[in-house]
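# Tertiary structure, described
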Amino acid sequence: MSQWTDRINQHPVHGVIRTLESLLIDVDLSGVGQPDKAIADIERIRQVLNLIKSRLELTDPNLVPFQALKNIQNSLHPIINEVSAFKANKNVAHLTNANNHLENILTYLNDIPSPTNAVDIESVKDAVSSLRRSVGQYLRNIDDEVTSLNETFNEGKTSLNSLSFQIESLKQRTDTIVSNFQQQFSTTEENRRTEFQKAQADTKKAAAELIDDIKTDWNELLEEKGAALQSFLTEAKTSLEQIKNEAISTTDAFIRIIQDRKKKAEDLVGIITDTGMVGGYQRVANDAKASARKWRLIAVSSLAGLVIFALVVFYESLSQVIRWDQIATRIFVATSFGVLATYAALQADKRERTERKNRKVELELASILPYLHDLPLEQQ
């Protein structure tokens with residue numbers, strides 16, 4: 001094999017092409033924002049790679065410019081970088097940049113002679129190689145005959161004329177083969193283009209159907225989860241209302257019991273004036289109790305609001321892309337509910353301590369008069 005053929009067949013561009021092909025084999029399109037565009041861009045890169053390979057495989061290496069292969073190799077390196085970046089971050093813009101670099105490669109391919117039908121090319125390459133060997137042999141024979149027939153010039157001239165006739169006949173045969181080869185290539189190229197367009201249309205149709213199925217499944221999932229979340233919110237609201245009503249009922253019943261026992265104690269002792277003496281402390285205790293109940297209700301309502309807000313945020317996060325500004329807003333709102341609940345709980349606790357303190361004084365004052373009631377007036 002000649003040095004020109006080795007220089008083309010052993011060019012580094014073949015290794016670069018294999019590297020890019022291996023990158024395109026396991027491309028994962030899950031999580032890509034524009035899957036249709038990504039599929040089209042990757043398919044175009046594969047198509048141009050196949051064109052480069054077929055052009056290099058089906059073209060006589062002696063006719064390929066070395067600089068054209070070097071230009072193609074230099075243009076493939078940024079494409080490899082863009083495809084690697086796309087596999088890392090799923091950004092379709094890298095595929096767009098890669099396709100922009102393909103424009104240079106398509107321009108450089110014009111410097112490489114166009115091939116024809118793959119089967120005929122192989123036979124033509126063999127025929128051309130055989131022709132070169134034959135021509136080389138003929139030239140060597142001619143040199144030998146010229147040397148040996150210097151003394152018999154006329155005989156050598158006759159042999160040379162005969163050899164020229166054979167070469168001309170062989171040239172005509174070669175021209176005929178090339179013409180047939182060109183015609184077959186045109187027919188095959190047209191068939192290949194038609195098949196590719198059909199395959200491309202089928203691929204687009206299948207991709208569109210797949211995207212529609214994914215959208216349908218996603219919508220059904222959202223509806224199912226939305227219904228479940230709505231049911232959960234309804235049940236939570238009902239349970240919270242029941243707890244609130246039970247707490248109010250229990251508190252009212254407890255208050256009624258205390259009031260009944262208070263009345264019985266007053267009737268048993270028979271001292272009506274006790275209420276006047278301890279009335280101030282009693283009013284303060286009652287006010288503190290009412291205030292504590294109000295703050296306790298505010299704390300419970302704030303906690304309930306915080307729970308409902310958390311559920312709403314969870315539901316919205318299922319159907320929306322999470323953004324940091326929205327997260328900050330939600331944290332602010334949740335913090336506001338938590339601060340209000342904490343403050344209300346502290347106020348309720350403060351009022352309860354005030355109530356207990358005044359109740360204690362009220363009880364102590366109320367206990368003095370019953371104790372003195374049985375004593376003589378002078379001792380009272």
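Structure's up top.
Note that the structure is a prediction, hence the values are computed from the model and not measured. (Residues numbered from 1 in each chain as written. Predicted model: local features only at pLDDT ≥ 70, side-chain atom pairs only at ≥ 80, totals over all residues. Heavy atoms only, no water.)

In terms of helices and strands, the chain carries 9 helices and 0 strands. Sequence-ordered secondary structure for the chain, helices as α and strands as β, is α-α-α-α-α-α-α-α-α. Within the chain, counting contacts between residues at least 6 apart in sequence, those at least 24 apart form 84% of the total. Counting every atom, the chain has about 25900 Å² of accessible surface; 58% of that belongs to carbon and sulfur. (Helix = DSSP H or I, 4+ residues; strand = E, 2+ residues; numbered from the N terminus. Contact = heavy atoms within 4.5 Å. Areas by Shrake-Rupley, 256 points an atom, 1.4 Å probe, with all protein chains shown as cover.)

Right, let's talk about the nonpolar core for a bit. Leu-20, Leu-76 and Ile-105 are the most contacted members of the largest nonpolar core, which has 32 residues in total. Listed by contribution, the elements that provide at least two residues to this core are α2 (13-25), α3 (35-58), α4 (66-89) and α5 (92-109). The element that contributes the greatest number of residues to this core is α4, accounting for 8 residues. Beyond its immediate chain neighbours, meaning those up to four positions away, Ile-105 contacts Val-48, Ile-52, Ile-72, Ser-75, Leu-76 and Ile-79. (Core = buried A, V, L, I, M, F, W, Y, C linked by side-chain atoms within 4.5 Å. Buried < 20%, exposed > 50% of the residue type's maximum accessible area, 1.4 Å probe, protein only.)

Bringing α3 into the picture now. Helix length check: α3, at 24 residues, gives a terminal C-alpha distance of 34 Å against a target of 34 Å (1.5 Å per residue), a fit within 8%. For α3, the complete set of buried residues consists of Ala-38, Asp-41, Ile-42, Ile-45, Val-48, Leu-49, Ile-52, Arg-55, Leu-56 and Leu-58. (Expected span 1.5 Å × (residues − 1).)

The subject of this paragraph is a negative patch on the surface. A grouping of Glu-209, Asp-212, Asp-213, Asp-217, Glu-220, Glu-223 and Glu-224 is seen on the molecular surface, where their side chains present a negatively charged patch. Relative to the helices and strands, Asp-213 is located in helix α7 (residues 153-269). (Patch = residues over 30% accessible without salt bridge, like charges linked within 9 Å, V, L, I, M, F, W, Y side chains within 5 Å. Salt bridge = Lys/Arg side-chain N within 4 Å of Asp/Glu carboxyl O. Lys, Arg positive; Asp, Glu negative; His and termini not counted. Charge placed at Lys NZ, Arg CZ, Asp CG, Glu CD.)

Note on placement: Ala-68 falls in helix α4. Assessed through its relative accessible area of 3%, Ala-68 is described here as buried. Separated by 42 residues in sequence, Ala-68 and Asn-110 place their C-alpha atoms 8.9 Å apart. Not counting residues up to four positions away in its chain, the partners in contact with Ala-68 are Tyr-108, Asp-111 and Ile-112.

For the structure on display, the rule yields 1 aromatic pair. Measuring from ring centre to ring centre gives 5.5 Å for Trp-295 and Tyr-343, while their planes differ by 80°; the resulting arrangement is edge-to-face. Placement of Trp-295 in helix α8 (residues 273-319) and of Tyr-343 in helix α9 (residues 324-373) is noted, with a sequence separation of 48 residues between them. For Trp-295, a relative accessible area of 16% corresponds to the buried category. (Phe/Tyr/Trp six-rings, centres within 6.5 Å; stacked < 30°, edge-to-face > 60°.)

Here Arg-55 lies in helix α3. For Arg-55, a relative accessible area of 12% translates into the label buried. A distance of 3.0 Å separates a polar atom in the side chain of Arg-55 from the backbone oxygen of Leu-109. (Polar contact = N/O pair within 3.5 Å; in protein donor to acceptor, adjacent residues only side chain to side chain.)

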